[in-house]
Amino acid sequence: MIIENFVNNLPITESGAVASSSLSIPILIFAFLLVVGIIYFIFKMYEQSKPTVESIVLIAVLTAIATAGRMIFISIPMVNLASFIIIMVGVVFGKEEGFLVGALTALVTSFFAGLGVWTIFQMLGWGLMGASAGYLSTKFDSIPFRFIFGLLWGFLYGWITDISALFYAGPTLEFSQIIALIISGFTYDLTHGVTNAVLLAILYNWFKKIFLRARDKYLPNQSSATATNE
Amino acid sequence: MLKGTIKMELTRIHPAVYILYYFIMIVLAFILRDPYFLLSFLILILVLISLQGISSELKQIMKLFLPLSILIIIINPLIQKKGVHRIYLMKNFFITYEAIAFGILTSLALLIVILIFSSYNKSVTYQEMLYIFSKKLPIISMIIVMSLRFIPLINSRVGEVKKLNHLKANGIETKLDNNNQDKLEEFDTNISDTKFLKKINSSKKFQSIIKEAKIIGKIMGITVSWSLEESMFTAKSMKARGYKSYKRTSYLSYDISLTDIIFLVLIFITVSIIVLGIIQGYGLTDIYPSLDFALSDLPLNIYYFAFIIFLLPLIYLEIRERMLWH
């Protein structure tokens, strides 16, 4: 009722279009530029930290592994290993590396699968996935937490990438389109989440060992610093 | 696998100009809401795509697009009750003509945006994108180039590990097999004693999923550790050859040509006319509260023609390229 009243009382412009609709275009463009800006800022921060050659190669390899994990097992429907790798990178190497590997995986995949508005939101989604895994890395030793984390990010990633669909929705943002998207994406998000959760539950310890070994070999400074923190 | 790695072009346009042009096209696609504008947009984009030669990808695009558009067209009238022209399906249940029209126009715009992107992927190769990227973010673009090189390497390694796994599963190398399997399955002994996993293990469906995941994980894990070890040599070799000692140069280089300037001027003039039109309400048919649209309302004004001219340059270039070749 309240919404209906609100809609009926919206100011009408000269041409008859609802005034608020013309406002939402700048908002959308602003949101898009904001996301681009955030990703650019984090990339720039990494550039300015003057990374070592080892760190550069490490991120390139991990990105390639995650991208390959998304493409190699394309024969098994909807199995997405990329998310698992990105979460593991976040846990072992830290939040910055997690974000970089996540964002770059989306970008590199787009060179193969085609670029779109969704690429920028995939970058954000996977980047945040890696970064959040980095923030919560101490809690990853409990299996229920890993399971819930993987499942939750299956859906969160789906919703973040769905934001890109608002760009097709036009000047009037419609609730119905968001619902249509969530319905059409539900099975995909669920499979993605379950795959993440199962992989995190089963393979976590083994991959942690592999990645820790690589970290100690590649980045001796970082691993000694974190060791003293722990 | 990578798209458009080789391009033969007589009419080359600076990638930055391309990116600007496509960006404006996308913005227009989601602002414009007039049946005539959108239909002519769709037709011209289809012409452009057919000139660029994409027909095989069109099938995949439709696969993505059709279910979403059907959902939008069905759900919008069910939820949206704004609109004057009501169509009663049952006694108290009605949908509005406006909501249906809105759903159709929205899915048309969705299709246009998807087509613009597939055209963009044909026009601008990833090397050109990296060229623009490398000016501002040299290290990040270095990482991207390196990971593009690592992907086929990892692919071939996965193939080798898969072969080995297959041989082992079929009982060849039996003695080694037993020893190695124990080592490889260390990772599941750590978690088998928790209550949470016992519950899951009892379900058969989960068991098969877990078995599948274990096989994938095994292959992936071996490949990952192999690749990580190997890449350490890459890093050492890069260091030894003096990476970072002086500035890297780009292997592609582009200059702004006369064509680019003409193109930019054309974009600037037509876009400013279109924006003037949009401010006055042209190209935005108001759907709610009442859609009063007649087929005879042809948009024969300067704004519409500016819009058509804005869409033509790439089609012109494609046709000119053909004329030059034949």
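Quick caveat: nothing in here was measured; it's all calculated off a predicted structure.

This paragraph deals with the overall build of chain B. Looking only at helices and strands, one finds 12 helices and two strands in chain B. Moving toward the C terminus, one meets the helices and strands of chain B in the order α-α-α-β-β-α-α-α-α-α-α-α-α-α. Expressed as a percentage of its 326 residues, the buried residues of chain B come to 45%. In chain B, 80% of the contacts between residues at least 6 apart in sequence involve partners at least 24 apart. Carbon and sulfur atoms make up 65% of the accessible area of chain B, which amounts to about 18600 Å² in all.

This next bit is on the overall build of chain A. The secondary structure content of chain A amounts to nine helices and zero strands. Along chain A, from the amino end to the carboxyl end, the secondary structure elements read α-α-α-α-α-α-α-α-α. Within chain A, the proportion of its 230 residues that are buried is 59%. Considering only intrachain contacts with a sequence separation of at least 6, the fraction spanning at least 24 residues in chain A is 75%.

Turning next to a nonpolar patch on the surface. Residue and element names in this part refer to chain B. The grouping of Ile256, Leu258, Ile261, Ile262, Val265, Phe268 and Ile269 at the surface amounts to a nonpolar patch, some 740 Å² of accessible area in total. Residue position: isoleucine 262 is located in helix H11 (residues 258–280). By relative accessible area, which is 54% here, isoleucine 262 ends up exposed.

Within an α-helix, residues lying three or four positions from one another point in the same direction, as the helix has 3.6 residues per turn. The terminal C-alpha atoms of helix H1 (residues 15–31) of chain B, which comprises 17 residues, lie 25 Å apart, in line with the 24 Å expected from a rise of 1.5 Å per residue. Judged by how many residues are buried, H1(B) sits mostly within the fold: 13 of 17 residues are covered.

Side chains that carry opposite charge are capable of pairing whenever their charged atoms lie near each other. One pass over the full model with this rule turns up four salt bridges over all chains. Between A:Asp141 and A:Lys208 there is a salt bridge, with the nearest N and O atoms lying 3.8 Å from each other. Here A:Lys208 lies in helix H8 (residues 175–218) and A:Asp141 lies in the loop between helix H6 (117–135) and helix H7 (143–162), a separation of 67 residues in the sequence. Given a relative accessible area of 52%, A:Asp141 falls into the exposed group. One salt bridge in this structure joins A:Arg213 and B:Glu229, with 2.7 Å as the shortest N-O distance. Remark: B:Glu229 occurs in helix H10 (residues 204–240) and A:Arg213 occurs in helix H8; the pair is interchain, linking two chains. When salt bridges with common partners are traced through the structure, they connect A:Arg213, A:Lys217 and B:Glu229 into a single cluster.

Residues of chain A with pLDDT of at least 70 account for 75%, and the chain-wide mean is 77. Within the model, pLDDT remains below 50 along residues 1–23 of chain A, and this stretch shows 16 contacts once partners closer than five positions in the same chain are excluded.

Time to look at H6(A). For H6(A), built from 19 residues, the straight-helix expectation of 27 Å at 1.5 Å per residue is met to within 8% by its first-to-last C-alpha distance of 28 Å. Burial within H6(A) is extensive, with 16 of its 19 residues counted as buried.

With respect to the secondary-structure elements, A:Val194 resides in helix H8. Spatially, the C-alpha atom of A:Val194 lies 9.9 Å from that of A:Phe155, the residues being 39 residues apart in sequence.

This next bit is on the packing of aromatic side chains. Any two aromatic rings considered together are summarised by their centre-to-centre distance and by the angle between their planes. Residues and elements named next belong to chain B. Per the counting criterion, the structure on display carries 22 aromatic pairs over all chains. Centroid distance tyrosine 21 to phenylalanine 263: 5.1 Å. Interplanar angle 55 degrees. Geometry classified as tilted. Of the two residues, tyrosine 21 is situated in helix H1 and phenylalanine 263 in helix H11; the sequence distance between them amounts to 242 residues. Accessibility assignment for this pair places tyrosine 21 and phenylalanine 263 in one class, buried. Taking 5.9 Å as the distance between ring centres and 65 degrees as the angle between the ring planes, the aromatic pair formed by tyrosine 304 and phenylalanine 305 counts as edge-to-face.

Most peptide bonds adopt trans geometry, and most residues besides glycine take a negative phi value. Unlike most non-glycine residues, A:Lys50 shows phi in positive territory, near 50 degrees. Within the secondary structure, A:Lys50 is located in the loop between helix H2 (19–48) and helix H3 (53–71).

The next point concerns the confidence of the model for chain B. All names here are of chain B. Across chain B, pLDDT averages 77, with 78% of residues at or above 70. Under a pLDDT of 50 for its full length, residues 1–10 has, in the predicted model, 23 contacts with residues more than four places off or in other chains. Note that pLDDT drops below 50 for residues 173–190; the model gives that stretch 13 contacts with residues more than four away or on any other chain.

Before going further, it helps to spend a moment on the environment of B:Ile216. Relative to the helices and strands, B:Ile216 resides in helix H10. Sequence separation of B:Ile216 and B:Lys162 is 54 residues, and the distance between their C-alpha atoms is 9.4 Å.

Here we come to the packing of helix H5 (residues 126–136) of chain B against helix H6 (residues 138–169) of chain B. All names here are of chain B. Orientation of H5 relative to H6, taken along the N-to-C sense of each, is 150 degrees, at an axis distance of 6 Å. The angle between H5 and H6 places the two elements in the roughly antiparallel class. Residues Tyr126, Leu130, Phe133, Ser134 and Lys136 of H5 form the contact with H6, whose own contacting residues are Pro138, Ile140, Ser141, Ile144, Val145 and Leu148. Residue composition of the contact of H5 with H6, grouped by class: eight nonpolar, two polar and one charged.

Our next topic: the nonpolar core. Counting residues in each nonpolar core, the largest one holds 151 residues, and the members touching the most others are A:Phe207, A:Phe211, B:Phe41, B:Leu228 and B:Phe310. A per-element tally of this core places H8(A) first, with 14 residues. Sequence-distant contacts of B:Phe41, defined by excluding residues within four places in its chain, comprise B:Met25, B:Leu28, B:Ala29, B:Ile112, B:Ile116, B:Phe307 and B:Leu311.

Moving on, we come to the side chain of B:Ser141. Residue and element names in this part refer to chain B. The topology assignment puts serine 141 in helix H6. By relative accessible area, which is 4% here, serine 141 ends up buried. Residues contacting serine 141, with those up to four places away along its chain left out, are Leu130, Phe133 and Ser134.

Remark: H3(A) packs on H6(B), axes separated minimally by 8 Å, with the N-to-C direction vectors making an angle of 50 degrees. Relative to H6(B), the element H3(A) is oriented oblique. Regarding H3(A) and H6(B), the two cross each other, and that crossing is right-handed. Side by side, H3(A) and H6(B) meet where A:Ile56, A:Val57, A:Ile59, A:Ala60, A:Val61, A:Thr63, A:Ala64, A:Ile65, A:Thr67, A:Ala68 and A:Met71 of the first sit next to B:Ile139, B:Ile143, B:Met146, B:Ser147, B:Phe150, B:Ile151 and B:Ile154 of the second. When its residues are assigned to classes, the contact of H3(A) with H6(B) shows 15 nonpolar, three polar and no charged.

Cut-off values and rules
Residues numbered from 1 in each chain as written. Chains lettered and ligands numbered in written order. Predicted model: local features only at pLDDT ≥ 70, side-chain atom pairs only at ≥ 80, totals over all residues. Heavy atoms only, no water. Helix = DSSP H or I, 4+ residues; strand = E, 2+ residues; numbered from the N terminus. Buried < 20%, exposed > 50% of the residue type's maximum accessible area, 1.4 Å probe, protein only. Contact = heavy atoms within 4.5 Å. Areas by Shrake-Rupley, 256 points an atom, 1.4 Å probe, with all protein chains shown as cover. Patch = residues over 30% accessible without salt bridge, like charges linked within 9 Å, V, L, I, M, F, W, Y side chains within 5 Å. Salt bridge = Lys/Arg side-chain N within 4 Å of Asp/Glu carboxyl O. Expected span 1.5 Å × (residues − 1). pLDDT = per-residue confidence, 0-100. Phe/Tyr/Trp six-rings, centres within 6.5 Å; stacked < 30°, edge-to-face > 60°. Axes fitted to C-alpha atoms, helices over the stretch in contact; angles between N-to-C directions. Parallel < 35°, antiparallel > 145°, perpendicular 65-115°, else oblique. Nonpolar A, V, L, I, M, F, W, Y, C, P; charged D, E, K, R; others polar. Core = buried A, V, L, I, M, F, W, Y, C linked by side-chain atoms within 4.5 Å. Left-handed = near helix turned anticlockwise from the far one by under 90°.

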